[in-house]
Amino acid sequence: MPDAATAPAADPGDAVPAVRVRGLAKTYRGSKKFPPSEALKGIDLDIPKGSVFGLLGPNGAGKSTLINILAGLVNKTAGTASIWGIDIDRRPRQSRAAIGVVPQELNVDAFFTPRELLEFQAGLYGVPVRERITEELLAAVQLTDKAENYSRTLSGGMRRRLMVAKAMVHKPPVLVLDEPTAGVDVELRQQLWGQIRTLNRSGTTVLLTTHYLEEAQELCDRIAFINHGEVIACDTTEALLKRMDRKEVTILLGEPLGDLPPGLSAYDAELVPPRRLIVRYRPSRTRFRDLIDDVRESGLTIADLSTQESDLEDLFLELTGAPADTGKDSSESQESPSPPPAVAGR
Ligand SMILES: Nc1ncnc2c1ncn2[C@@H]1O[C@H](COP(=O)(O)OP(=O)(O)OP(=O)(O)O)[C@@H](O)[C@H]1O
Ligand SMILES: [Mg+2]
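Note that the structure is predicted; figures quoted are calculated from it, not measured. (Residues numbered from 1 in each chain as written. Chains lettered and ligands numbered in written order. Predicted model: local features only at pLDDT ≥ 70, side-chain atom pairs only at ≥ 80, totals over all residues.)

1. Details of the packing of helix α8 (residues 237-244) against helix α10 (residues 312-320)
When two helices pack together, their arrangement is captured by the angle between the axes and the distance separating the axes.
And then number 1: In the contact formed by α8 and α10, the axes pass within 9 Å of each other and the chain directions differ by 70°. Taken together, α8 and α10 sit at an angle that is classed as roughly perpendicular. Only Leu312, Asp314 and Leu315 of α10 make contact with α8, whose side of the interface consists of Leu240, Leu241, Arg243 and Met244.
And then number 2: Counted by class, the contact of α8 with α10 contains 5 nonpolar, no polar and 2 charged residues. (Axes fitted to C-alpha atoms, helices over the stretch in contact; angles between N-to-C directions. Helix = DSSP H or I, 4+ residues; strand = E, 2+ residues; numbered from the N terminus. Parallel < 35°, antiparallel > 145°, perpendicular 65-115°, else oblique. Contact = placed C-beta atoms within 7 Å. Nonpolar A, V, L, I, M, F, W, Y, C, P; charged D, E, K, R; others polar.)

2. Side note on the sheet that holds strand β11 (residues 247-253)
And then number 1: The 4 strands lie next to each other as β12-β13-β11-β14, forming an open sheet whose pairing is antiparallel. Either end of the sheet is taken by a strand with one partner, and the two such strands are β12 (268-272) and β14 (302-309). With direction set aside, neighbouring strand axes in the sheet form an average angle of 20°.
And then number 2: Two strands pair when backbone bridges link them, and β12 and strand β13 (residues 276-281) are joined in this way by 5 bridges, in the antiparallel orientation. Its bridge partner lying in β13, Val272 is registered against Arg276. (Pairing = 2+ DSSP bridges.)

3. Comments concerning the packing of helix α3 (residues 114-124) against helix α5 (residues 156-167)
And then number 1: The N-to-C vectors of α3 and α5 enclose an angle of 25°; their axes lie 9 Å apart at closest approach. Between α3 and α5, the interaxial angle falls into the category roughly parallel. α3 and α5 meet at a crossing whose hand is right-handed. Seen from α3, the contacting residues are Pro114, Leu117, Leu118 and Gln121; seen from α5, they are Leu162, Ala165 and Lys166.
And then number 2: Here the residues of the contact of α3 with α5 are counted per class, giving 5 nonpolar, 1 polar and 1 charged. (Left-handed = near helix turned anticlockwise from the far one by under 90°.)

4. Overview of the nonpolar core
And then number 1: Formed by 70 residues in total, the largest nonpolar core has its most connected members in Leu70, Leu137, Ala165, Val174, Val176, Val206 and Leu207.
And then number 2: When neighbours within four sequence positions are excluded, Val206 is seen to be in contact with Val52, Phe53, Leu175, Leu177, Ile196, Leu199 and Asn200.
And then number 3: Within the second largest apolar cluster, 7 residues are counted, among which are Leu277, Val279, Leu291 and Leu300. (Core = buried A, V, L, I, M, F, W, Y, C linked by C-beta atoms within 7 Å. Buried ≥ 20, exposed ≤ 12 C-beta atoms within 10 Å, placed from the backbone.)

Have a look at this one:
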């Protein structure tokens, strides 16, 4: 992203978080057909300035609800929220100006060209013509050569990039991306990750939701796991991964082995005949080197070995008891769809 699109750089000494949420609750009204739906059950969250913060959770966990409340698209039932120190209830216009949102549903205006769309959006936000950064944004999302095409002729990936540019026209210090890479191919995902990193390096605080644990692990310095409307874990990515404290090493033995040797009885070891030995251990208690020494001292020869670290997938399973991508299904919408993004200044 261009420097001109940067937000005020985060001051590490600045105690006010980019986003602060306290006791945030949302119950969607029910109808004759559907009971009310308690999407958020009192969430507390601090998103530090300058971070890339991941909101992770299965379908229906409440991620979009949280984001849409911050963006002023959904009314909360209880609690408080502030963006860049600005309370969303007391100063809604200013708080909305501090946030740019790339929604989960891509609603590209088909008959606008990318350049028109960015200009129009900047106009809605009241950005004076001389302060607009349309060309820089187009370049940053690699759409300069498509700037005059109708948006409906853009590919899905191009539309997604256009939406990122659209969210940045007013240079918000906080950018929110709801499932930025859902259903995009590997190459585009890498490109989007690159763009998110660049934006973050130039000072933008990024909040993203994702189902992809790999994405969170790769991009986010902090992660909140959310399930059934509650935060069930929130920490730095590193600390979350450390919490697992589990590793697995698979050893291909030089010769077939019938039984586990007694020298390995202290380990959680499993023999997969004829030549594969799997050992699970806690890195905080056992050094890898000692483990390998014990294997050798048991008279075994190692033909090959590979290790597997625990990842967020394991942690997610442990916390929720459900695989990352197969949580509770979103039920049907019970409230009328959210209105189009409210705009600062309106
Ligand atoms: N407009 C709405 N009307 C009624 N209920 C809703 C509405 N939007 C969401 N919900 C319900 O609120 C809960 C949380 O939904 P939300 O969309 O916030 O989840 P999510 O974590 O973003 O899920 P996904 O990963 O599928 O996008 C779900 O049970 C959902 O059915
Ligand atoms: Mg969602």
